[in-house]
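Chain and residue survey
Single-letter residue listing:
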Amino acid sequence: MLDTLRVSDAEVYALLMEEQQRQSRCLRLIPSENYASAAVMEATGSWLTNKYAEGYPHKRYYEGQQITDRIETLAQDRAKALFGADHANVQPYSGSVANLAAYAAFAQPGETIMGLSLPFGGHLTHGWKVSATGRFFKAIQYTLDDQGRLDYDQIEDLARQHRPKVIVSGATAYPRLIDFKAFADIAERVGAVHITDMAHIAGLVAGGAHPSPIPHAGAVTTTTHKSLRGPRGAMILCHSDHAAAIDKAVFPGLQGGPHMHTISAIAVALGEASTKSFAEYAHQIVKNARRLAEKLIEYGFDLVSGGTDNHLILIDLRNKNLPGKKLSQALDRANIVTNYNTIPNDPAKPFNPSGLRLGTPAVTTRGMKEEQMDAIAGFIHRVAEYVDDESAIARIGAEVAEFCAGFTVPPMFIDRGD
Ligand code: DSN
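Structural notes, computed from the coordinates.

Calculation rules
Residues numbered from 1 in each chain as written. Predicted model: local features only at pLDDT ≥ 70, side-chain atom pairs only at ≥ 80, totals over all residues. Heavy atoms only, no water. Core = buried A, V, L, I, M, F, W, Y, C linked by side-chain atoms within 4.5 Å. Buried < 20%, exposed > 50% of the residue type's maximum accessible area, 1.4 Å probe, protein only. Helix = DSSP H or I, 4+ residues; strand = E, 2+ residues; numbered from the N terminus. Contact = heavy atoms within 4.5 Å. Axes fitted to C-alpha atoms, helices over the stretch in contact; angles between N-to-C directions. Parallel < 35°, antiparallel > 145°, perpendicular 65-115°, else oblique. Left-handed = near helix turned anticlockwise from the far one by under 90°. Nonpolar A, V, L, I, M, F, W, Y, C, P; charged D, E, K, R; others polar. Patch = residues over 30% accessible without salt bridge, like charges linked within 9 Å, V, L, I, M, F, W, Y side chains within 5 Å. Areas by Shrake-Rupley, 256 points an atom, 1.4 Å probe, with all protein chains shown as cover. Salt bridge = Lys/Arg side-chain N within 4 Å of Asp/Glu carboxyl O.

What follows is about the nonpolar core. Grouped together as the largest cluster of nonpolar side chains are 54 residues, with contacts concentrated most on Phe83, Leu150, Ile167 and Leu237. No other element matches the 6 residues that helix 11 (residues 260-273) contributes to this core. Every residue in contact with Ile167, bar those within four places of it in the chain, is listed here: Met114, Ala159, Phe183, Ile186, Ala187, Val190, Ala192, Val193, His194 and Ile195. Ranked by size, the runner-up nonpolar core spans 34 residues in total, among them Phe301, Ile336, Ile376 and Ala384.

Below, the structure written as structure tokens:
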């Protein structure tokens, strides 16, 4: 890859090669990151970069759509088949835009939406005050109970009190299963549309390693690059009775020309995600997260909600007297990449919170299994113990790089033979 770039722009080429080496040398534990396959990356960089295709297949505002119509239809069909949805819009540029579009399909500016509060594990675009979703709509935010779990009674009380047009389920830092049916029942009782943001868990849902929100939500938004392991993009899946409203909200409501190069790569990723080997991958992500959680608990780490059901772990570092930022920066110096994060009811400020968020999608793509999770927990424990000792951190970093060298780094060929 990149043979032409190497010749035509040595400066950018050198930076990209350094990034490739960083991704190879490090244990990448940010739960929203992954390694896309070579096929996904090739499709992302194709001739479709050159094409405008405003509109939808067979209803475009530009000519020359002989191929784009077939590609977008293929991506839609693969998305519908993989997730069992009636309709798929594969045009949203990102998860943030997909969420805003989905709300705009069902609520007018100033009307009420409801979602999980950002410091409790919700996304910015679930109605947080600085996001357009919190400014353009009246956003009511639910929180978690004292055990770090969703409190469906609280959600129902708030919904009855505020009568939102839209209730959002889904999270970016919630390690437990979400009861999508409970959300659907609450939404039905107050006359709201239930929208699920499944961005984090889309790969798990595709592989059958997490219950699907599709039967319980009016619309489901997702990014395509997290556990689903595709290009950086997004989709909205919905029932046929909402299809027109969703399509109109994406284009012309929020976006202009779709990124056809990304859409072709989404089709490739959906093809990969429909294989048996991807289902095994999805189940291994969850097994790895459980094992990593168990080992971290053995090392004295306090986990929000006491463990995990999905791909993600949230550590409450208060018992270690260690701010999340300080630990995540020390881990980064030791070639272990995580992100600091708020914990429910965090007494500290969001820019220097009390938590650390980890996930297993990327390391599982590299072929790591339970045995390697034990080693990773050991590395994290040692960095936390020696957080102020730079020579110890450097020694651990060298060990981590050596450990990583034993595991293939995509881009690689994904066998679609099954
Ligand atoms: N909030 C980001 C994450 O989970 O990393 C995604 O937008």
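There's plenty left to go through after this.
Moving on to the packing of helix 5 (residues 95-106) against helix 10 (residues 243-250). Interhelical geometry of helix 5 versus helix 10 gives an angle of 125° and a closest axis separation of 8 Å. Taken together, helix 5 and helix 10 sit at an angle that is classed as oblique. In terms of crossing hand, the pair formed by helix 5 and helix 10 is right-handed. In contact with Ala101, Ala102, Ala104, Ala105 and Phe106 of helix 5, helix 10 contributes Ala245, Ile246, Ala249 and Val250. Taken together, the residues of the contact of helix 5 with helix 10 sort by class into 9 nonpolar, no polar and no charged.

Right, let's get into a nonpolar patch on the surface. Together, Met1, Leu2, Val12, Leu16 and Met41 make up an exposed nonpolar region whose accessible area comes to about 410 Å². The residue Val12 is located in helix 2 (residues 10-25) in this model. Given a relative accessible area of 36%, Val12 falls into the partly exposed group.

Moving on to the packing of helix 13 (residues 324-333) against helix 15 (residues 370-385). The contact between helix 13 and helix 15 brings their axes to 10 Å, and the two run at 115°. Every pair of crossing elements has a handedness; the one defined by helix 13 and helix 15 is right-handed. Only Ile380, Val383 and Ala384 of helix 15 make contact with helix 13, whose side of the interface consists of Leu327, Ala330 and Leu331. Of the residues in the contact of helix 13 with helix 15, the class split is 6 nonpolar, no polar and no charged.

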